[in-house]
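Chain by chain, the residues run as shown.
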Amino acid sequence: MKYRVFLMAFFCIPVLMAQEKEGDAISQQLLEKITHSEKAEKLTWLDSLASYSYRNNLLSNDSIFTETIVLAVSLDSIELAGRQLSNQINFLNNYHGKFDASIALHEKHQAWI
């Protein structure tokens, strides 16, 4: 029985590490595209990175959401800004437990919601 647990751990760890490296590679590719683009194209790449990171729990902070929302509002892409604001509020509530910060964020952006 002890050997089974050891073998399962031995074979599962490389798989998990490979998935993490793959996620980092995709994030790095998107970041590179973001730095080499402007306005609408940059917004598209930011949206992709924010959505990818949210779905795969790769975010250590919410700066990608903030940058996406600010650019989307400046380009009058309110639907995209609203979606990412919703993701950011969900991220703050569910992953960080920062309920007051999510309420403040909602109130800050309430003018265009």
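Residues numbered from 1 in each chain as written. Predicted model: local features only at pLDDT ≥ 70, side-chain atom pairs only at ≥ 80, totals over all residues. Heavy atoms only, no water.

Visitor: How should the overall build of the chain be read in this particular structure?
Guide: When its secondary structure is counted, the chain shows 5 helices and 0 strands. Mapped in sequence order, the helices and strands of the chain form the string α-α-α-α-α. A burial count over the chain gives 29% of its 113 residues as buried. Of the roughly 8000 Å² that the chain leaves accessible, carbon and sulfur atoms contribute 59%. (Helix = DSSP H or I, 4+ residues; strand = E, 2+ residues; numbered from the N terminus. Buried < 20%, exposed > 50% of the residue type's maximum accessible area, 1.4 Å probe, protein only. Areas by Shrake-Rupley, 256 points an atom, 1.4 Å probe, with all protein chains shown as cover.)

Visitor: Where do I start with the pattern of salt bridges in this structure?
Guide: Applying the stated criterion across every chain, the model contains 1 salt bridge. We note a salt bridge from aspartate 47 to arginine 83, for which the minimum N-O separation is 3.1 Å. Placement of aspartate 47 in helix 2 (residues 39-55) and of arginine 83 in helix 4 (residues 78-96) is noted, with a sequence separation of 36 residues between them. (Salt bridge = Lys/Arg side-chain N within 4 Å of Asp/Glu carboxyl O.)

Visitor: Just to check I follow, could you spell out the confidence of the model for the chain for this structure?
Guide: It should be kept in mind that the predicted coordinates are not to be read in detail where pLDDT is low. Across the chain, the average pLDDT comes to 81, with 77% of residues at 70 or higher. Contacts from residues 5-19, a stretch scored under 50 in pLDDT, to residues over four places away or in other chains number 0 contacts. (pLDDT = per-residue confidence, 0-100. Contact = heavy atoms within 4.5 Å.)

Visitor: Where do I start with the packing of helix 2 against helix 4 in this structure?
Guide: Helices that pack against each other are described as a pair by the angle of their axes relative to one another and the distance between those axes. Two elements in contact, helix 2 and helix 4, have axes separated by 11 Å at closest approach and are oriented at 30°. The orientation of helix 2 with respect to helix 4, classified from their angle, is roughly parallel. Between helix 2 and helix 4 the crossing geometry is left-handed. The segment helix 2 lies against helix 4, with Leu43, Asp47, Ala50, Ser51 and Tyr54 engaging Leu80, Arg83, Gln84, Asn87, Asn90, Phe91 and Tyr95. Its residues placed into classes, the contact of helix 2 with helix 4 shows 6 nonpolar, 4 polar and 2 charged. (Axes fitted to C-alpha atoms, helices over the stretch in contact; angles between N-to-C directions. Parallel < 35°, antiparallel > 145°, perpendicular 65-115°, else oblique. Left-handed = near helix turned anticlockwise from the far one by under 90°. Nonpolar A, V, L, I, M, F, W, Y, C, P; charged D, E, K, R; others polar.)

Visitor: Can you walk me through unusual backbone geometry in this structure?
Guide: Glycine aside, a negative phi is what most residues show, and trans is what most peptide bonds show. Positive phi is not limited to glycine here, since lysine 39 has a value of about 45°. Mapped onto the elements, lysine 39 comes out in helix 2. Here lysine 39 falls in the exposed class, since its relative accessible area comes to 58%. We note that aspartate 76 has phi near 60°; this positive angle belongs to a residue other than glycine. Inspection of the secondary structure puts aspartate 76 in the loop between helix 3 (63-74) and helix 4.

Visitor: Before we go on, may I ask you to explain the packing of helix 2 against helix 3 in this structure?
Guide: Between helix 2 and helix 3, whose axes approach to 9 Å, the crossing angle comes to 150°. Handedness of the crossing formed by helix 2 with helix 3: left-handed. For the pair helix 2 and helix 3, contact is made by Lys39, Lys42, Leu43, Leu46, Asp47, Leu49, Ala50 and Tyr54 and by Ile64, Phe65, Glu67, Thr68, Leu71 and Ala72, respectively. The residue inventory of the contact of helix 2 with helix 3, partitioned by class, reads 9 nonpolar, 1 polar and 4 charged.

Visitor: In this structure, what is going on with the packing of aromatic side chains? I would like to understand it.
Guide: One pair of aromatic rings is described through two measures. These are the centre distance and the angle between the planes. Following the criterion strictly, the structure yields 3 aromatic pairs and no others. Ring geometry for phenylalanine 65 against phenylalanine 91: centres 5.9 Å apart, planes inclined by 55°, an arrangement best described as tilted. One end of the pair, phenylalanine 65, is in helix 3; the other, phenylalanine 91, is in helix 4, and 26 residues separate them in sequence. Classification of phenylalanine 91 by relative accessible area gives buried; the value is 4%. By the ring-pair criterion, three or more aromatic residues cluster together here, those being Tyr54, Phe65, Phe91 and Tyr95. (Phe/Tyr/Trp six-rings, centres within 6.5 Å; stacked < 30°, edge-to-face > 60°.)

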